[in-house]
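Chains, contacts and geometry: an overview
Take a look at the letters that make up each chain.
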Amino acid sequence: MSMDAQPRFLKTEKRFFTFGEKGKGLVLESGAHFGPVTLAYETLGTLNKDKSNAVLICHALTGDSHVAGYYGEYEKKPGWWDTMVGPGKGIDTDRYFVICSNILGGCMGSSGPSSINPETGEPYALDFPLVTIGDMVNAQKKLVEFLGIERLHSVIGGSLGGMQALAWCYHYPDHVRSAVALATTLRHSALAIAFNEVARQAIVRDPNWDKGYYYSGEKPSMGLSVARMIGHITYLSDESMHQKFGRRLQGKDAFSFDFDTDFQVESYLRYQGAKFVDRFDANSLLYITKAADYFDLSRYADYQSALATLKKAATKFLVVSYTSDWLYPTYQSRDIVKVLKRNGLDVSFCEIEADCGHDAFLLPSDNLSGMITGFLSGLHGKGRG
Amino acid sequence: MRYDLTLIESWIQPGSRVLGLGCGEGDLLYALKTRKAVEERGIEISEKKVRACIEKGLSVIQGDINLELADYPDNSFDYVVLSQTMQQVYAPPELIRSMLRIGKKAVVSFPNFGHWRIRMQLLLSGYVPVTEQLPYHWYNTPNIRVLTIKDFKRFSNDVGFRILKEAAINTQERDMHGTIVTVFPNLRATYGLFLIGKD
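Please read all numbers here as calculations on a predicted model, not as lab measurements. (Residues numbered from 1 in each chain as written. Chains lettered and ligands numbered in written order. Predicted model: local features only at pLDDT ≥ 70, side-chain atom pairs only at ≥ 80, totals over all residues.)

This part is about the overall build of chain B. Within chain B, the regular secondary structure consists of eight helices and eight strands. Rg of the C-alpha trace for chain B: 16 Å, near the compact-globule value of 16 Å for 199 residues, within the 12% margin. Structurally, chain B occupies a C-alpha span of about 50 × 35 × 30 Å along its principal axes. When the 199 residues of chain B are sorted by exposure, 45% land in the buried category. Counting contacts in chain B only where the partners sit at least 6 residues apart, residues at least 24 apart contribute 63% of the total. (Helix = DSSP H or I, 4+ residues; strand = E, 2+ residues; numbered from the N terminus. Rg over C-alpha atoms; globule rule 2.2 N^0.38 Å. Buried ≥ 20, exposed ≤ 12 C-beta atoms within 10 Å, placed from the backbone. Contact = placed C-beta atoms within 7 Å.)

Okay, here's the thing in structure tokens:
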């Protein structure tokens, strides 16, 4: 096979951007000051001359800045949305300059409870301030400014990433030409808060959690793995669990009549839980789930004026939901659409038939890719700037 | 593009705001957007057709036209188009009123049930007519409202809207070509097209 026949190897690297030294950090929505702030990020594609082709991708709860491509030949798996992002893909890196950063409060290189507090030389642990989706977006704005971009062509995200995309539109209506909000909501529901609370309780009731200051000792792995198991249930659906596992037993023909693993679904959840503790920090999960629970764009006093600015700026929206998503069900996407319609904004909406639950937005889908390509192309030559 | 849609396109002022109800795969909206710089919006119930629209770069919402209009502010559009969908609308007076609330004008087109072939079918065969425009039997038809061109004119008085422009055309279901019918339109036209406004 000749070299030409091989697929193009999209190489990227993890970079870091730090701002807000010497008391010039972020003023958080809680009123607290925080700095310096570090964001881990990657970029793909090339920024064009007039800096008008930048697309910011916001990751979901446990994602990271590695959205697509490979860090190097050694890496076995590409970034988390490689099926959507790359040359000739739904978000075409031949056309767009793609940016993705790890969220504030995360544990994949950006400032979070597990990063080192420069004042003490120790991890922040619970000295890290509570952050909101708005704070995450404010930090991303600094990165976008640092990259020299005045107005993003689009902000795209699913789930918690979708909340960030919507928050971008609220906080910076003049700096986004469009937003794509997948499987997300304008305000976190009681159901979603309830699941998050169970996840948090699993962590804080782990004896190893030690009020959050566990970094020098044993980690609260048991609590974190249970938290992940709960999360996983909400990402699936009745239908997908029925198809994937049914009532099939794991490695046995009969019940064990004890509390070992009997069913495949149990085994799957335990595996997912155990795998997760190796890559994720328990405190980060507490902070990020809390940020999601606080999310409610309609609580802001100047929410209406942001909508008016978005109308003036001719910002376009694409909202997508999935039929079997019970974490952020379709009615919540329709609520977003309703608000945008009432305020005269340009919005497209599609409910994709899928039986795999909330996770559907991350799975390879020509349907979603086609719509995103069309939506991003449809923006050219329309609206301001 | 279908002949009736070409005719509707010719009625729309360039640069206007247009909402297409039951816009299908967006043929009319795409033509209006690219050829007349129209600011387009659409509502379509089928996921597959909505995807086809969004892939073309059109702004379309997946939803039911009976439910989706309520959210739009008054006079959001210059035209609201209901093309060959009237026969499937549950409450036509309410829908027309909503269309003329959110739009300054509306365009309505429908298959003419007064066409002579339909009249002859019922008269001679005794069965409920099945035609190219309305190709279903009584037991499986989605077309719950069949009407004639004359019916629509009487409807305008009953509901209270003005007919600003009308055309009776002779064309087949997916036909790109057609003719305007001026003589005995209610007998000879397969479709009726109306531009309507507030009373």
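Now that the structure has been shown, the text picks up again.
Let's shift gears to the overall build of chain A. Across its full length, chain A holds 10 helices and 12 strands. Of all 385 residues assigned to chain A, the portion counted as buried reaches 49%. Considering only intrachain contacts with a sequence separation of at least 6, the fraction spanning at least 24 residues in chain A is 72%.

To continue, consider helix 7 (residues 149-159) of chain B. All names here are of chain B. Looking only at helix 7, the buried set comprises Ile149, Phe152 and Phe155. One side of helix 7 carries all its buried residues, which in axial view fall inside an arc of 105°. Turned more than 90 degrees from where helix 7 packs its buried face, Arg154, Asn157 and Asp158 sit exposed. The elements touched by buried residues of helix 7 are strand 6 (161-170), helix 8 (185-188) and strand 8 (191-198). With its phi angle positive at about 95°, Gly160 sits one or two positions after the end of helix 7. (Arc of directions from axis to C-beta.)

What follows covers the interface of chain A and chain B. Counting residues at the interface gives 21 residues for chain A and 16 residues for chain B. Counting only elements with at least two residues in the side of chain A that touches chain B, the list comes to helix 9 (330-342), strand 12 (346-352) and helix 10 (366-378) of chain A. Across the side of chain A that touches chain B, the residue classes tally to eight nonpolar, seven polar and six charged. (Nonpolar A, V, L, I, M, F, W, Y, C, P; charged D, E, K, R; others polar.)

Averaged over all residues, the pLDDT of chain B is 94; the fraction at 70 or higher stands at 99%. Among the prediction metrics, the complex's ipTM stands at 0.94, with pTM recorded as 0.95. (pLDDT = per-residue confidence, 0-100.)

Turning next to the pairing of strand 4 (residues 37-44) of chain A. All names here are of chain A. Most of strand 4 sits out of view: seven of its eight residues are buried. Sheet analysis places strand 1 (residues 15-19) next to strand 4, joined by five bridges and oriented antiparallel. When the sheet's bridge partners are listed, Arg15 is paired in strand 4 with Tyr41. Taken together, the four bridges between strand 4 and strand 8 (residues 97-101) define a ladder with antiparallel strand orientation. Across the sheet, residue Glu42 finds its bridge partner in strand 8, namely Cys100. (Pairing = 2+ DSSP bridges.)

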